[in-house]
Structures are given as C-alpha cells and as structure tokens.
Amino acid sequence: MSEDLLGSGAASEAGAHDERTRRLEKVEALRAAGIDPYPVRFDRTTDAGALRARFGHLEPGTETDEEVAIAGRVLLLRRQGRLSFATIRDGSGAIQLFVSEGEIGAERHTEFDGFDLGDWIGVEGTVMTTRKGELSIKVRGFRLLAKALRPLPDKWHGLSDTDTRFRQRYVDLVVNEDARRVFAVRFAVLAAIREYLAGRGFVEVETPVLHDQAGGAAARPFLTHHNALDMDLVLRIALELHLKRLIVAGFDRVFEIGRVFRNEGLSTRHNPEFTMLELYEAFVDYGEMMTLTEELVAHCARTATGSTVVDLDGAPLELAPPWRRLTLRDAIREHAGVDVHPSMPVADVRALCDRLDVPYEASWGSGKLMLEIYEKTTEHRVRGPVFILDYPREVSPLARVHRDDPLLTERFEVIIGGRELANAFSELNDPIDQRERFEAQAGLAAAGDEEAHGVDEDYLRAMEYGLPPTGGLGIGVDRLVMLLAGVSSIREVILFPQLRPESPSGGADGDGGA
RNA sequence: GCGCCGCUAGCUCAACUGGUUAGAGCAACAGACUCUUAAUCUGUAGGUUCAGGGUUCGAGUCCCUGGCGGCGUACCA
C-alpha cells in the first residue's frame, strides 16, 4: 500500500525521495499501531518564552515540582543512550527537553528517539535545570502532533540560496535566526506606527484597493476586470485620494496602512506590491508633518530596536529629532554646485543638464528638469536624515502652491541613505487649481506618459464640498523596516516577495502589464 | 530591458591550467553512550555537477542556447 503513497507525491523531487519515503513509512507504522500522526489538538499550559521568563534564573541542577505541558517543533536531537536531549521551539522561543529512560521506561524512550527533526510534538513534565544550568523540561509524557515528511536544511548553516529562501519562506523562518529577527522588527514597526498615531488621535481606516482610475502617484497600475459589472479596474497605486475624501467628510485625522501595487521592475528597493502608510491631518501644513515624521520614525526605531541609532552602510546613524531641513534648491547647490529654479528659461536649465550629464526629454519643463538634476546628482549622495523641501509645482500635482513662491509647492521628501523614505505636503485644497493640475497630467497621459493619470471627477466633486487645510504624509513602510532592520534588499522585509514562477512552464505570459 | 556573476548530495561547501572512480561537514541509515547542547565516537549509503547542444582522446571545468537567482544599471512624483 505504501507504494501508492510514495509514488504520488515525491516523484518530481527524486533527491528528497528516500528521506520522505522513510518518514512516510513511519507515518504508516504509527497508524498501524493506532497512533494518529496528525491529532486534532494539544492542550499546552505555557510556552518557551514564559518558562524562560519565570525560571530563567534557576540554579544549575535544580528540580522543581512545576508541571507544564508545552508544544513545539523538534529542532535538535542529542540521543545519548538511555538519556536523550531535544531542543524544541514554539512561537516564543526554544527550550530543551530532558528525556530519561529512568523517568519514562525503555519502550517510551525508544519511541521518543523515533522522532525526526522537524516534527511537531507536545510534551508534559516538570521544570528543571541540568547540571550545566540549561533550563529544561523533564519529560513524563509526549505525543506527536504533526509528522514532518521533509528534512529541515542544515541545522547550523540554514538555507543560503536566496531563491529557495524566498520561495520557501516557511523553511527560511524555521532555520534562519536573522530572518526571524527582521520580521520581528517589521511587526514591531507596524505596531509602533499604530500606537503612535492612535495616541495622537488618528483614526485607522480602510479604503478600496480596486479603483476605476489610478491616481495619487505617478506609476503604471496593474489592470484587472470585474465580471459582474463588466468593467476594467486597476489596483491602487496610492492611498491618497480616498483618504483626502475622508478629510472632506469631516475626519480630522486619518491614516491607512495598506498594500499598493505598481507595475514596475523589481529591484533591491522595489517590489510590485508594497506597504504604504499614508496619513492626513486637517488644519496643519507640511511643517507639522515634518515634526510628526521625525517623531514617528524615532518612535518606531526605539520600539522596534531599542535605540534611535541604526547602522547604515557600516556606520551609525542617529534618527532622533530634529532632522536637518534643506530646500531642494539648496540641496542641488550644495551637491551639484549649480543654482536652479523653475522660473529659469527651459533652455538655460537644459544647458545645466548638459553640463551635469543629466539626460532629459523634450517635453520636460524647468521644474521637471530641476527635479531630474536633483535625482541624478544629489539624492543618492545624501546620507540624512534630511528633509528636502519645496519641490516644483510641475512635478507635484497634488501639493499646495508654496505660500512664498508660485512655482514651488509646500512639499518635502525625507532622504535617508540616499533613498526616499517619505513624501509629504501641504495638501492642495483649491478645487479649481486641482482641476488644472489634473488636466495637465491628462495631457501628459494623452501624450504617452504611462505614469500620468487623468482627471478624477469624483475627487474634484469631493473637493468642491470643501477640503480644509490639510497636511499629508506618505511613508514606505518596507523601506522604513529595511532601515531599522539594517538590511539592504526589500525582499528581506517582505514575507513572500514577488519572484518568477518556479516551474519553467511554456509561459503564455507575453505582456504581464495588460 | 541591458551588463556582470552564480547554480555541484536533502542542506552548507570543496574539486589546481581540461586529466584516475566528483570529495567533506550536517542531515539519513546501522551501532556505542544517563547531564548533552552544532553532543561525541565507529561504520554504511547518498550525485542527470540547472537543462540541452557543441569542442576535445578526455568536460563539474571551455564554447553556444535556454532556465532560475544575485548584483549593477535603466525604470521608479
């Protein structure tokens, strides 16, 4: 009978076949002996972390009367004749099992030794420490909770092949301590953001992922289709326009932490779906957004890592406020040695681009050229943290015109380690101005710019009901986590990053975009 | 998209300038062992060297095509 079992699943992975076969035979043997290898539940009384917290300071060689039941995955087995040690781990940490033949008898001890690395087991016994002081559970009873059929990777080296690590993240997280650490940082950052914003009166909301029109950012969207309505939809590329509708509705402070989707290339800094934090606060301008940003990031750093100092490219970087504030114009002056302003004639700015070796397109105005000069000469050299202020109006269709300069907007980006971490502005709340900006964007779209989008009439209608003065902020959560966890690839902070399909099937995937 | 680099046992890695039967640790299997902790010790088994083609007396190694990945670059308000 076992032949059928063996033939079916493992055929494609001949290498693992022997080990898998062996374990399948154990499953059959257990069933034959009336033992369910996949029982329905196990009632544990504690976990490894709680035991460590409570008994972590027991003297070596201590025996207690504390009876516990605990469950975990077998990670290490040290069989030593009539005494066995095992290390199991649950969600809170690892703990050692002390399994003595004198305690449970030869037959049960042999059964215990039949467990394989990777199996889930539940045990009961008493808390003790070994002579060397290792906190352990002296096992009185045990049972298999789930038989693992596949062997875990090398217990010391773990998995190193990045492809396998990302495709089989469930294995990566079992065997690679650093992967677990990075995601612990991520989850702490998310909790810290919510805690900080809740403390300041922000309400967390959820807005649609399926949009009938892309907007709120410059990016190519993913396309999809709703069958019942027979209409094409796009996956959102930003949270912005719905959140500002909610400010119109009368929410003073809202935020959303949500997935956005951009149909772009993959890199160490880009995944096609990623997590944005966007927040909007009525009656304030981008000045308050700066204060909020530096406090929020410092709070996240403290909560998730215990310090406001992170390692950036091998050197410490202080994230505690206040951060330097520098206008875009001054930043360019500082790093590129030229003075640019959107009021300059296009020909003059083009001449500067030529001099600085910055490529450009004929359709670009002075504002876009200015931004391009910044991005090519300055941004990647800024270590930060620094607020870069006052971007050209031409490249900021949702930001309010600067109070002192009609060609600029009240907008800032946060740069840390040469990368954009946040983007914020005093929101544009003049519906007439907004319509003009949308129409300019629509013109670009009509001219072939696939990242520009058309006029969002419903958003304009909302604005016509009155959007109060508002400050808005967007933070790339994945990049924030990268910074705080000290990793250089966005794939390290996304549980299941986008990869090519595993099987080289005869792909009918000519153009993924459409 | 383009360029460079990589892919060897289940896992982590070796294999000189193209040269004998592709090696080692972990995992596995058989055995010893009641305070180990990457347990240790003895023995055994385990390979389509990513795939396909080519050059050569001889290919893990050189060439071509393809697959997957990494890095860089392009793209990325």
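Residues numbered from 1 in each chain as written. Chains lettered and ligands numbered in written order. Predicted model: local features only at pLDDT ≥ 70, side-chain atom pairs only at ≥ 80, totals over all residues. Heavy atoms only, no water.

S.K.: Can you tell me about the overall build of chain A, naming the residues and giving the values?
M.R.: Of the regular secondary structure elements, chain A holds 16 helices and 20 strands. Expressed as a percentage of its 514 residues, the buried residues of chain A come to 48%. Long-range contacts, defined here as pairs at least 24 residues apart, represent 65% of the contacts in chain A between residues at least 6 apart. Element-wise, carbon and sulfur atoms account for 50% of the exposed surface of chain A, whose accessible area totals about 25200 Å². Computing the positive centroid from 61 side-chain charges and the negative centroid from 85, chain A places the two 5 Å apart. (Helix = DSSP H or I, 4+ residues; strand = E, 2+ residues; numbered from the N terminus. Buried < 20%, exposed > 50% of the residue type's maximum accessible area, 1.4 Å probe, protein only. Contact = heavy atoms within 4.5 Å. Areas by Shrake-Rupley, 256 points an atom, 1.4 Å probe, with all protein chains shown as cover. Lys, Arg positive; Asp, Glu negative; His and termini not counted. Charge placed at Lys NZ, Arg CZ, Asp CG, Glu CD.)

S.K.: Give a detailed account of the pairing of strand E1 (residues 63-80), specifying residues and quantitative values.
M.R.: Both faces of the sheet carry side chains from a regular strand, because those side chains alternate between them. With eight bridges joining them, E1 and strand E4 (residues 120-129) adopt antiparallel strand pairing. Each residue of the ladder has a partner; that of Ala71, found in E4, is Gly122. Examined bridge by bridge, E1 and strand E2 (residues 83-90) share seven bridges and lie antiparallel to one another. Considered in E2, the bridge of Val74 is made with Ile88. Connecting E1 to the next strand, E2, in antiparallel fashion are two residues, including Gly81 with a positive phi near 70 degrees. (Pairing = 2+ DSSP bridges.)

S.K.: Could you give an account of the protein's contact with RNA strand B, naming the residues involved and the relevant values?
M.R.: Around RNA strand B, a shell composed of 51 residues is seen, among which Arg22, Lys132, Lys155, His270 and Arg491 lie nearest. Per the 4 Å cut-off to the protein, sugar and phosphate atoms form 62% of the nearby atoms of RNA strand B. The separation between a base nitrogen of RNA strand B and a polar main-chain atom of Arg79 is 3.2 Å. Within the side chain of Thr162, one N or O atom sits 3.0 Å away from a sugar or linking oxygen of RNA strand B. Elements represented by at least two residues in the surface near RNA strand B include exactly helix H2 (17-32), E1, E2, strand E3 (93-100), helix H4 (101-104), helix H6 (162-167) and strand E18 (411-416). The dominant element in the surface near RNA strand B, judged by the number of residues it contributes, is E1, at four residues. Of the residues assigned to the surface near RNA strand B, the class counts are 14 nonpolar, 16 polar and 21 charged. (Near = heavy atom within 4 Å. Polar contact = N/O pair within 3.5 Å; in protein donor to acceptor, adjacent residues only side chain to side chain. Nonpolar A, V, L, I, M, F, W, Y, C, P; charged D, E, K, R; others polar.)

S.K.: Could you give me a rundown of helix H3 (residues 48-55), with the residues and numbers involved?
M.R.: Along H3, the residues that are buried comprise Ala48, Leu51 and Phe55. Axial view of H3: buried residues confined to an arc of 60 degrees, hence all on one face. Turned more than 90 degrees off the buried face of H3, the exposed positions are Ala53 and Arg54. Packed against the buried residues of H3 are E1, E2, E3, E4 and strand E5 (135-146). By the N-cap criterion, in which a side-chain oxygen at the helix start approaches the backbone nitrogen of a residue two or three places on, H3 is capped by Asp47, the distance to Gly49 being 3.2 Å. (Arc of directions from axis to C-beta.)

S.K.: Hey, could you go over helix H5 (residues 106-113) for me, with residue numbers and the actual values?
M.R.: Given 3.6 residues per turn, any residue in an α-helix points the same way as the ones three and four places further on. For H5, every residue scored as buried is listed here: His109, Phe112 and Asp113. On an axial view of H5, the arc spanned by its buried residues comes to 100 degrees, and they lie on one face. Turned more than 90 degrees from where H5 packs its buried face, Glu107 and Thr110 sit exposed. Buried-residue contacts for H5 involve E1, E2, E3, H4, E4 and E5.

S.K.: Give me the sheet that holds E4: which residues, what numbers.
M.R.: Pairing between the strands of a sheet comes from backbone hydrogen bonds, and it takes one of two forms, parallel or antiparallel. On the basis of which strands lie adjacent, the closed barrel formed by five strands has the order E1-E2-E3-E5-E4 and mixed pairing. Strand-to-strand, the axes of this sheet are offset by a mean angle of 50 degrees, without reference to chain direction. As paired elements, E4 and E5 share ten bridges and run antiparallel to each other. Pairing of Ile121 across the sheet is with Leu144, part of E5. (Axes fitted to C-alpha atoms, helices over the stretch in contact; angles between N-to-C directions.)

S.K.: Could you give me a rundown of the nonpolar core, with the residues and numbers involved?
M.R.: In terms of nonpolar packing, the biggest core is built from 49 residues, with Leu277, Phe412 and Leu484 touching the most fellow members. The residues contacting Phe412, other than those within four sequence positions of it, are Tyr286, Met289, Met290, Thr293, Phe387, Ile388, Leu389, Tyr391, Ala422, Asn423, Ala424 and Leu473. (Core = buried A, V, L, I, M, F, W, Y, C linked by side-chain atoms within 4.5 Å.)

S.K.: Explain a nonpolar patch on the surface to me, and be specific about the residues and the numbers.
M.R.: A grouping of Tyr170, Phe187, Leu495 and Phe496 is seen on the molecular surface, where their side chains present a nonpolar patch of about 440 Å² in accessible area. Looking at the element boundaries, Phe496 is found in the segment after helix H16 (477-485). A residue is classified by how much of its surface remains accessible, and Phe496, at 55% relative accessible area, is exposed. (Patch = residues over 30% accessible without salt bridge, like charges linked within 9 Å, V, L, I, M, F, W, Y side chains within 5 Å. Salt bridge = Lys/Arg side-chain N within 4 Å of Asp/Glu carboxyl O.)

S.K.: Outline the packing of aromatic side chains, supporting the account with residue identities and numerical values.
M.R.: Each aromatic ring pair is summarised here by two numbers: the centre-to-centre distance and the angle between the ring planes. Per the counting criterion, the structure on display carries ten aromatic pairs. Centre to centre, the rings of Phe115 and Phe142 are 5.6 Å apart; their planes meet at 80 degrees, and the pair counts as edge-to-face. Of this pair, Phe115 sits in the loop between H5 and E4 while Phe142 sits in strand E5, and the two are 27 residues apart along the sequence. On the numbers, 6.2 Å between centres and 70 degrees between planes, the contact of Phe438 with Tyr459 is edge-to-face. Here Phe438, found in helix H14 (residues 431-446), pairs with Tyr459, found in helix H15 (residues 457-464); they are 21 residues apart in sequence, far enough to count as distant. (Phe/Tyr/Trp six-rings, centres within 6.5 Å; stacked < 30°, edge-to-face > 60°.)

S.K.: I'd like to hear about the domain arrangement of chain A, residue by residue, with values.
M.R.: For chain A, the assigned domains are domain 1 (13-156) and domain 2 (174-323 + 384-492). Relative to domain 2, the C-alpha centre of domain 1 lies at a distance of 47 Å. (Domains from an automatic or database assignment.)

S.K.: Explain the pattern of salt bridges to me, and be specific about the residues and the numbers.
M.R.: This model, assessed by the stated rule, comprises 46 salt bridges. Here Arg23 makes a salt bridge to Glu19, at a shortest N to O gap of 2.8 Å. Placement of the pair is Arg23 and Glu19 together in helix H2, with a separation of four residues, close to one helical turn. Residue classification places Arg23 among the buried residues on the basis of a relative accessible area of 3%. Under the relative-accessibility criterion, Glu19 is labelled partly exposed at 23%. Linking Arg54 and Glu66 is a salt bridge whose minimum nitrogen-to-oxygen distance equals 3.0 Å. In this pair, Arg54 is assigned in helix H3 and Glu66 in strand E1, connecting sequence segments twelve residues apart. What makes Glu66 partly exposed here is its relative accessible area of 24%. Here the salt bridges share partners, and the residues they tie into one network are Glu19, Arg22, Arg23, Lys26, Asp116, Asp119 and Lys147.

S.K.: Tell me about the sheet that holds strand E8 (residues 223-226), and please be specific about residues and values.
M.R.: Here three strands make up an open sheet; going across it, the order is E7-E9-E8 and the pairing antiparallel. The open sheet has two edge strands, strand E7 (210-211) and E8, and neither has a second partner. Bridge count for E8 against strand E9 (residues 231-235) is four bridges, and the pairing is antiparallel. Each bridged residue has a counterpart across the sheet, and for His226 the counterpart in E9 is Met231.

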